[in-house]
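# Survey of secondary and tertiary structure
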Amino acid sequence: MTAKRLCAALLALAVCVTIVTRIWLRIDRYDIGLLDTLAFNYRYFTIWTNTLVGLTCAWVALGGREPAKVQGGLLLSIAMVAIVYHVLLAHLRDYRGIDMVIDLMLHTLIPLGFAGYWLAFVQKADLSYPDILPWLILPLLYCIVAMLRAAFVDGRYPYHFLNLDDLGPLRTGLNIFGLLIVFSGFGALIVWAGQRLGRRPGFAGTGF
């Protein structure tokens, strides 16, 4: 097994163990069913993104070829998960024990691990700024699904900035637009860094 596939396998395993443990703990603590637990967990962008990172890394570990531009989009999303959490939310949490470990994995260690994987193994020199536009599909899709679910299923918005009932359509739309602008800015940084690192020996990656 190559170093790239081994690294991808370890990341996929880390994501799987972390999310499965989180699901099991909720079932055990609240005595609820698997479907309800999955529905609760997958209301959050953090779980969406970590799951996609895990699935992509599992595919690579099994020998699959994944376009570098897709990896750039995943890096953007998982990096935003970590940045937003540590800037805005981490100080509001007081986890202990296994909950602290899960929180650390989802918001810190897996994002850092995937960033290191991208630096070491992904072909970066061919990234271009137009690539940012498809990278915005995931956060936009998430926002739409979250609002539809709240409107037609359970009335619960996972994040206040998506609360259509309280904010109204104009403010909510502006919030989503602002979110996409922030994603675009960090996406531009990824493209800029990728183009420069991709031309340096040791940072070019092995391609897919």
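In short, a report on the structure. Every value quoted in this text rests on a predicted model; they were computed, and no experiment measured them.

### Some words on the overall build of the chain
Tallying secondary structure elements over the chain gives 8 helices and 0 strands in all. The secondary structure elements of the chain, listed N-terminal to C-terminal, are α-α-α-α-α-α-α-α. For a compact globule of 208 residues, the expected C-alpha radius of gyration is about 17 Å, and the chain comes in at 18 Å, within 12% of that figure. Its C-alpha atoms give the chain principal-axis dimensions of about 50 × 40 × 30 Å. Counting over 208 residues, the chain shows a buried share of 41%. Relative to all contacts within the chain whose residues are 6 or more apart in sequence, the contacts with residues 24 or more apart total 74%.

### Section: the side chain of T172
Secondary-structure assignment places T172 in helix α8 (residues 164-197). One polar contact links the side chain of T172 to the main-chain carbonyl oxygen of G168, over a distance of 2.7 Å. The contacts of T172, once residues within four sequence positions are left out, are M147, F161, L162, N163, L164 and L167.

### Side note on the side chain of D103
Mapping D103 onto the fold places it in helix α5 (residues 97-121). One buried charged residue, D103, remains without a salt bridge, the closest side chain of opposite sign being R93 at 5.4 Å. Sequence-distant contacts of D103, that is, excluding residues within four places in its chain, are made with Y85, Y95 and T108.

### Considerations on the nonpolar core
Residues C57, F114, Y117, W135, Y142, L162 and I190 are the most contacted members of the largest nonpolar core, which totals 47 residues. Broken down by secondary-structure element, the contributors of at least two residues to this core are α1 (3-30), α3 (45-61), α4 (68-89), α5, α6 (132-135), α7 (137-154) and α8. If one sorts the elements of this core by residue count, α5 sits on top with 8 residues. Setting aside residues up to four positions removed in sequence, W135 forms contacts with K69, G72, G73, L76, L127, G187, I190 and V191.

### Observations concerning the environment of R196
Mapped onto the elements of the fold, R196 is located in helix α8. Between the C-alpha atoms of R196 and L76, which are 120 residues apart in sequence, the distance is 17 Å. A distance of 3.2 Å separates the side chain of R196 from the backbone oxygen of W192, its partner in a polar contact.

### Looking at the pattern of salt bridges
This model, assessed by the stated rule, comprises 5 salt bridges. Note that D154 and R149 form a salt bridge whose closest N and O atoms lie 3.3 Å from each other. A residue is classified by how much of its surface remains accessible, and D154, at 29% relative accessible area, is partly exposed.

### Notes on α1
In this model, α1 (28 residues) spans 41 Å end to end at C-alpha, consistent with the 40 Å of a helix rising 1.5 Å per residue. Residues of α1 that are buried include every one of K4, A8, L11, A12, V15, T18, I19, I23 and L25, and no others. On the buried face of α1, the contacting elements are α2 (34-41), α3 and α5. Taken from the residues just after α1, D31 is the one with a positive phi, measuring 50°.

Each value, and the rule that gives it
- Residues numbered from 1 in each chain as written.
- Predicted model: local features only at pLDDT ≥ 70, side-chain atom pairs only at ≥ 80, totals over all residues.
- Heavy atoms only, no water.
- Helix = DSSP H or I, 4+ residues; strand = E, 2+ residues; numbered from the N terminus.
- Rg over C-alpha atoms; globule rule 2.2 N^0.38 Å.
- Buried < 20%, exposed > 50% of the residue type's maximum accessible area, 1.4 Å probe, protein only.
- Contact = heavy atoms within 4.5 Å.
- Polar contact = N/O pair within 3.5 Å; in protein donor to acceptor, adjacent residues only side chain to side chain.
- Lys, Arg positive; Asp, Glu negative; His and termini not counted.
- Salt bridge = Lys/Arg side-chain N within 4 Å of Asp/Glu carboxyl O.
- Core = buried A, V, L, I, M, F, W, Y, C linked by side-chain atoms within 4.5 Å.
- Expected span 1.5 Å × (residues − 1).

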